[in-house]
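Here's the letter readout for the chains.
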Amino acid sequence: MSARPNAPRLDEVLPARAAWSAILRRGEVLRIIDQDGQQAVDTLFYNAADTAERYSAQDTLLAQGSAYVATGTRLLSNEGRVLATVVGDTCGLHDTSAGACSCEANTVRFGHHTRFMHACRENFVLEGMRYGLQKRDIVANVNFFMNVPVRPDGELAIVDGVSGPGSYVEVRAEMDVLVLVSNCPQVNNPCNGFNPTPIRMLVWANPDG
Ligand SMILES: [Zn+2]
């Protein structure tokens, strides 16, 4: 793990399948560590001052002209402003096309017996309620550490993750942002290696702030 000059102001381990949230002040850096490898981390960003402004996967992909999220990706809002920038990455491959797993999608993809399995969309809804968000506020998200190649015919595939133990991604807030995270509980496809595991969240204060 690369060093940062100061101690983080926040250092928490998020258990497998759990939700998490934080307000990042402008200039703060969030590092998400995939402790055991192959763990998808579903993530949403909102303008903390006005959550009607929120992450837009469509605008982000259109602006950068690439299908994946990597170092340098500017995570844009639905108003075309930069919410956050990916400033560090040891994995190299992150998705923002496949969305979050939900109970409804699970039943379509994997059968009705999966209806009662916990899903990312529930994590987002439950965590977002703490900030006054509702179902309608949960939009297409970033899937850190999730390997979703876009096939030549345009189809998406969810395949084995390339994220090894200890891989991390770093995101710098470009305004005050609310971050919602679902440590993906999915066990019906390989996005978590069929074994959801804990992740570690660190936040560094703005060195200039
Ligand atoms: Zn999920």
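Refer to the structure printed above.
**Description of the overall build of the chain**
Then comes step 1: Along the backbone of the chain there are three helices and ten strands.
Then comes step 2: Along the chain direction, N to C, the helices and strands of the chain fall in the order β-β-β-β-α-β-β-α-α-β-β-β-β.
Then comes step 3: Dimensions of the chain, computed from the C-alpha atoms along their principal axes, are close to 50 × 35 × 35 Å.
Then comes step 4: Buried residues in the chain amount to 49% of all 209 residues.
Then comes step 5: If you take every contact in the chain between residues at least 6 apart in sequence, the share linking residues at least 24 apart comes to 76%.

**Structural notes on the coordination of the zinc ion**
Then comes step 1: Protein ligation of the zinc ion involves Cys101 (SG), Cys120 (SG) and Cys184 (SG), the donor distances falling in the range 2.2 to 2.3 Å.
Then comes step 2: In the primary sequence, the donor residues of the zinc ion line up as C-x18-C-x63-C. Taken together, the positions of cysteine 101 in the loop between β6 (82–89) and α2 (103–110) and cysteine 120 in helix α3 (residues 120–128) put the pair 19 residues apart, joining distant regions of the chain. Here cysteine 101 and cysteine 120 have matching classes, each one buried.

**A look at the pattern of salt bridges**
Then comes step 1: Inspection of every chain in the model, using the stated rule, returns eight salt bridges.
Then comes step 2: As a salt-bridge pair, arginine 31 and glutamate 170 come within 2.6 Å of each other at their nearest N and O atoms. Placement of the pair is arginine 31 in strand β3 (residues 29–34) and glutamate 170 in strand β8 (residues 167–173), with a sequence separation of 139 residues.
Then comes step 3: For glutamate 170, a relative accessible area of 4% puts it in the buried group.
Then comes step 4: One salt bridge in this structure joins glutamate 53 and arginine 81, with 2.8 Å as the shortest N-O distance. Here glutamate 53, found in the loop between β4 (41–47) and α1 (57–64), pairs with arginine 81, found in the loop between β5 (74–76) and β6; they are 28 residues apart in sequence, far enough to count as distant.
Then comes step 5: Taking the relative accessible area as the measure of exposure, glutamate 53 reaches 1% and is therefore buried.

**As for the pairing of strand β10 (residues 199–204)**
Then comes step 1: For β10, a buried count of five out of six residues is recorded, marking the element as mostly surrounded by other parts of the structure.
Then comes step 2: In the sheet, strand β1 (residues 10–14) pairs with β10 via five bridges, with the strands oriented antiparallel. Its bridge partner being in β10, leucine 14 is matched across the sheet by isoleucine 199.
Then comes step 3: In this structure, β3 lies alongside β10, joined through five bridges in antiparallel fashion. Bridging from a neighbouring strand, leucine 30 pairs with valine 203 of β10.

**Observations regarding the environment of valine 148**
Then comes step 1: Here valine 148 lies in the loop between β7 (142–144) and β8.
Then comes step 2: By relative accessible area, valine 148 is classed as buried at 2%.
Then comes step 3: For valine 148 and glycine 128, which are 20 residues apart along the polypeptide, the C-alpha to C-alpha distance reads 26 Å.

**A closer look at empty space enclosed by the protein**
Then comes step 1: Using the criterion set out here, one finds one cavity of 30 Å³ or more in the structure.
Then comes step 2: When its volume is computed, the largest cavity comes out at roughly 80 Å³.
Then comes step 3: In terms of lining residues, the largest cavity is bounded by 13 residues, among which Gly99, Ala100, Cys101, Arg109 and Met146 are the most central.
Then comes step 4: Its residues assigned to classes, the lining of the largest cavity comprises seven nonpolar, four polar and two charged.

**Examining α2**
Then comes step 1: Taken as a whole, α2 has its buried residues at Cys103, Ala105 and Asn106. Looking straight down α2, one finds that the buried residues subtend no more than 155 degrees of arc, so they occupy a single side.
Then comes step 2: Each element contacted by the buried residues of α2 is listed here: α3.
Then comes step 3: Positive backbone phi, at 110 degrees, marks glycine 111, one or two positions downstream of α2.

**Regarding the state of the cysteines**
Then comes step 1: Scanning the model with the defined rule gives zero disulfides in all.
Then comes step 2: Free of any disulfide, cysteine 91 has its nearest neighbouring cysteine sulfur in cysteine 191, separated by 13 Å.

Parameters and conventions
- Residues numbered from 1 in each chain as written.
- Predicted model: local features only at pLDDT ≥ 70, side-chain atom pairs only at ≥ 80, totals over all residues.
- Heavy atoms only, no water.
- Helix = DSSP H or I, 4+ residues; strand = E, 2+ residues; numbered from the N terminus.
- Buried < 20%, exposed > 50% of the residue type's maximum accessible area, 1.4 Å probe, protein only.
- Contact = heavy atoms within 4.5 Å.
- Donors = N, O, S within 2.8 Å, 3.2 Å for Na, K, Ca; no water.
- Salt bridge = Lys/Arg side-chain N within 4 Å of Asp/Glu carboxyl O.
- Pairing = 2+ DSSP bridges.
- 1 Å grid on protein atoms, 1.4 Å probe; cavity = no way out; pocket = protein on both sides within 12 Å on 5 of 7 lines; lining within 4 Å.
- Points joined across faces, edges and corners; volume = space filled by probe spheres on them.
- Nonpolar A, V, L, I, M, F, W, Y, C, P; charged D, E, K, R; others polar.
- Arc of directions from axis to C-beta.
- Disulfide = S-S within 2.5 Å.

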